[in-house]
Amino acid sequence: MKVRGHMNRYPLGIYSNEKLGCYSVTTSRTMRTLLILLVLGVCASWVASKPTQEKKDRVHHNKDLSDHKHDDSKDFQYDHEAFLGKEEAKTFDQLTPEESQERLGKIVDKIDKNKDGFVTGEELKDWITHTQNRYIYENVNKHWADYDKNKDDKISWEEYKNTTYGYAAGEEEFYDVPDKERYRQMLRRDERRFKQADRDGDLIATREEFTAFLHPEEFDYMQDIIVTETIEDIDKNGDGSVDADEYIADMYTPEADEPEPEWVKTERQQFSDHRDLNKDGKMDKSEISHWINPHDYDHADLEAKHLIYESDKDRDDKLTKKEILDNWNMFVGSQATNYGEDLTRRHDEF
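Residues numbered from 1 in each chain as written. Predicted model: local features only at pLDDT ≥ 70, side-chain atom pairs only at ≥ 80, totals over all residues. Heavy atoms only, no water.

- An unreviewed UniProt entry lists the protein under the name EF-hand domain-containing protein, from Engystomops pustulosus.
- UniProt, in the comment section headed Sequence similarities (unreviewed entry), describes the protein in these words: "Belongs to the CREC family."
- Taken verbatim from the UniProt record of the protein, the Subcellular location (unreviewed entry) comment is "Endoplasmic reticulum". (UniProt positions renumbered as here; feature names shortened; annotations may be inferred.)

Here is the structure:
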């Protein structure tokens, strides 16, 4: 029995969010061919060493905002990590109350994007979402210079293509590379995704657009491209849909004469009961979207509403800077709040 993980849906060479770009540019076609073969071996090894069921990788659940239980009657650790992110929350825990409030004031100025003196629920939700995805932005920023060759703080399709695939890469390229058609397909797929991420259509990506290109699962406007790529990955007969056998084959390949395991039978039943909503024996684009993008709670939206409710003294459904600072210890921690929580925990232990 073989239980498989999937080839990462990120562009060519982007595996596990490390070094962006599978091979560097070289003027030697022979050297490039050798490098590609090496990379193919490494990538294949990476995939083979990841014995996870495919269904776990394809479904995008909303992440919780903190590992702490959300219980404001005991502490505000959940709120702190939701508002700041886990690592930044630890930094605030080392500050004096005065320092924490000063830094919070500066954060509020950033959240108020239109500078009207109010923080709305949408602005607060956007901030929380940004802090939760900070690791993604940091990773993009770390490798930005690898792609931004002309140093204009943007990345064009040409810059990305040339850095990732080699200069003058195009449909006529890869002629001396084994499995050349696969590489041409990957190039076309990357270009299609780049154009989807590029909201103004100029084939030049801002940092936000390039982040959407590399991490489409984090952006609502990229969901259609994720569905399209998922169908292409699983649909082996080319009919534009996914039947039960294709669904199972995406996660499991039987050995010769091996009986089908119980978990596979359960997955077939799941397909029939919960995936194939219109009961026509296959998943269409809408059903695949429902599968890989389940309608979970929007944790960032719920937390933004919670913070506003607890801090909005005049009940106008938005916050002033003063209202936030008056309730600062719900948004951020400090040495003093940590000391108080430690005392509470010690008291509860007796």
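## Structural notes on the overall build of the protein
At step 1: On a plain count of helices and strands, the protein comes out with 19 helices and eight strands.
At step 2: Classification of the 350 residues of the protein by burial places 44% in the buried group.
At step 3: A separation of at least 24 residues holds for 63% of the contacts in the protein among residues at least 6 apart in sequence.
At step 4: Counting only carbon and sulfur atoms, one obtains 51% of the accessible surface of the protein, whose full area is about 18,900 Å². (Helix = DSSP H or I, 4+ residues; strand = E, 2+ residues; numbered from the N terminus. Buried < 20%, exposed > 50% of the residue type's maximum accessible area, 1.4 Å probe, protein only. Contact = heavy atoms within 4.5 Å. Areas by Shrake-Rupley, 256 points an atom, 1.4 Å probe, with all protein chains shown as cover.)

## A closer look at helix α14 (residues 262–275)
At step 1: With 14 residues, α14 should reach 20 Å at 1.5 Å per residue; the first-to-last C-alpha distance of 18 Å fits that figure.
At step 2: All buried positions along α14 are accounted for by V264, E267, F271 and R275. (Expected span 1.5 Å × (residues − 1).)

## What to know about the confidence of the model for the protein
At step 1: Across the protein, the average pLDDT comes to 82, with 76% of residues at 70 or higher.
At step 2: The model gives residues 2–56 a pLDDT under 50, and that stretch makes 119 contacts with residues more than four places away or in other chains.
At step 3: Low confidence marks residues 339–350, where pLDDT is under 50. Its contacts with residues over four positions away, or in another chain, come to four contacts. (pLDDT = per-residue confidence, 0-100.)

## So, the nonpolar core
At step 1: Y160, F210, Y247, I288 and W291 are the most contacted members of the largest nonpolar core, which has 36 residues in total.
At step 2: Top element by residues in this core is helix α12 (residues 223–234). It accounts for five residues.
At step 3: Not counting the four nearest positions on each side in its chain, F210 is found in contact with V140, W144, Y147, I155, Y160, F194 and A205.
At step 4: Grouped together as the second largest cluster of nonpolar side chains are 27 residues, A304, L307, W328 and V332 included. (Core = buried A, V, L, I, M, F, W, Y, C linked by side-chain atoms within 4.5 Å.)

## Brief notes about the UniProt feature "domain: EF-hand" (unreviewed entry) in the protein
At step 1: As recorded in UniProt, the sites labelled "domain: EF-hand" (unreviewed entry) are residues 99–134, 135–170, 185–220 and 222–257.
At step 2: Strand forms 6% of residues 99–134 and helix 72%; the C-alpha atoms that close the span are 22 Å apart.
At step 3: For the annotated span residues 222–257, helix accounts for 50% and strand for 11% of the residues, and the straight-line distance between the end C-alpha atoms is 42 Å.

## A closer look at the packing of helix α9 (residues 157–165) against helix α10 (residues 180–197)
In a pair of packed helices, the angle between the axes and the distance between the axes together describe the arrangement.
At step 1: Between α9 and α10, whose axes approach to 11 Å, the crossing angle comes to 150°. Here α9 lies roughly antiparallel to α10, going by the angle between them. As α9 packs across α10, the resulting crossing turns out to be right-handed. Together, W157, Y160, K161 and Y165 of α9 and Y183, M186, L187, D190, E191 and F194 of α10 make up the contact between the two elements.
At step 2: A per-class count over the contact of α9 with α10 returns seven nonpolar, no polar and three charged. (Axes fitted to C-alpha atoms, helices over the stretch in contact; angles between N-to-C directions. Parallel < 35°, antiparallel > 145°, perpendicular 65-115°, else oblique. Left-handed = near helix turned anticlockwise from the far one by under 90°. Nonpolar A, V, L, I, M, F, W, Y, C, P; charged D, E, K, R; others polar.)

## So, unusual backbone geometry
At step 1: One non-glycine residue, K279, lies in positive phi territory at about 60°.
At step 2: Its identity is not glycine, yet D317 carries a phi of approximately 65°, on the positive side.
At step 3: Tracing the backbone through its elements, the reader meets D317 in the loop between α16 (299–311) and β8 (319–320).

## Brief notes about the pattern of salt bridges
At step 1: Per the counting criterion, the structure on display carries 22 salt bridges.
At step 2: Ionic pairing is found between R58 and D250, a salt bridge with its closest N-O pair at 2.7 Å. Linking R58 in helix α2 (residues 54–58) with D250 in the loop between α13 (244–249) and β6 (252–253), this pair joins segments that are 192 residues apart in sequence. One exposure class covers both R58 and D250, and it is buried.
At step 3: Note that K321 and D109 form a salt bridge whose closest N and O atoms lie 3.2 Å from each other. (Salt bridge = Lys/Arg side-chain N within 4 Å of Asp/Glu carboxyl O.)

## Structural notes on the environment of N133
At step 1: If you trace the backbone, N133 turns up in the loop between α6 (121–132) and α7 (134–142).
At step 2: Each residue touching N133, except ones within four places of it in the same chain, is listed here: K63 and E218.

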